[in-house]
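# Close look at the chain arrangement
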Amino acid sequence: MDCYICSGQTSVVNSRPQLRLKQVWRRRLCRNCGYIFTTIEKIDLERSMMVQFNDKHLEEFIREKLLISVRDSLGHRVNPTNDSIAITNTILAKIHKVNPSPLIDRDKIVKISGEVLKNFDRVSSSHYLAYHKLVTN
C-alpha cells in the first residue's frame, strides 16, 4: 500500500485479526517519510452481496440502510449513533457467518438483526421487528 502523505511504499509493522468483526487491523509505516497510519481490511459487502426480496427482485446490499434502520430502533438510548455502529458491525459479522453466499434473503437479514438487537436491548428489537415485518416464517 502506498503512503497517502508522500505516495511511498509502506510496510506492515503490526497486524491483528478482529475475528468477531471479520476484519484485520494493520499498523503501517512509510519507508520514505516515516509516517505511521492504521488501515482496516474488511469485506466490501456492497460489491459482494445482493439482497433478495420476497417478490424475487434483487437489490445490492447497502450497509447504510441497515445502519439507519438500526439507529432508528435505538433512538431511545443515550448514545444511539455509537450503539448503532457497533450493533451493525455485529449484525454484518453474523450475516457472513450464517450466509457465505453472495445472495441473502431479506427476511434472514431481519431475523439476524432482530436477534442481535434483542441481546442488546429488547425495546430496540421490538421496535425494529415492528417496522420490518417478516413475510415468511
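Heads up: these notes are all about the structure in this document. Predicted model, so just to flag it, every value in this text is computed and none were measured. (Residues numbered from 1 in each chain as written. Predicted model: local features only at pLDDT ≥ 70, side-chain atom pairs only at ≥ 80, totals over all residues. Heavy atoms only, no water.)

### Here we look at the pattern of salt bridges
Scanning all chains against the criterion turns up five salt bridges. Measuring nitrogen to oxygen at the nearest pair gives 3.0 Å for the salt bridge that ties Arg-26 to Glu-41. With a gap of 15 residues between them, Arg-26 in strand β2 (residues 23-30) and Glu-41 in strand β3 (residues 36-42) connect regions that are remote in the sequence. A residue is classified by how much of its surface remains accessible, and Glu-41, at 44% relative accessible area, is partly exposed. Of the charged contacts in the structure, one is a salt bridge between Lys-65 and Glu-59, with a shortest N-O distance of 3.2 Å. Lys-65 gets classed as partly exposed once you look at its relative accessible area, which sits at 49%. Salt bridges sharing common partners tie together Arg-77, Asp-83 and Asp-121. (Salt bridge = Lys/Arg side-chain N within 4 Å of Asp/Glu carboxyl O. Helix = DSSP H or I, 4+ residues; strand = E, 2+ residues; numbered from the N terminus. Buried < 20%, exposed > 50% of the residue type's maximum accessible area, 1.4 Å probe, protein only.)

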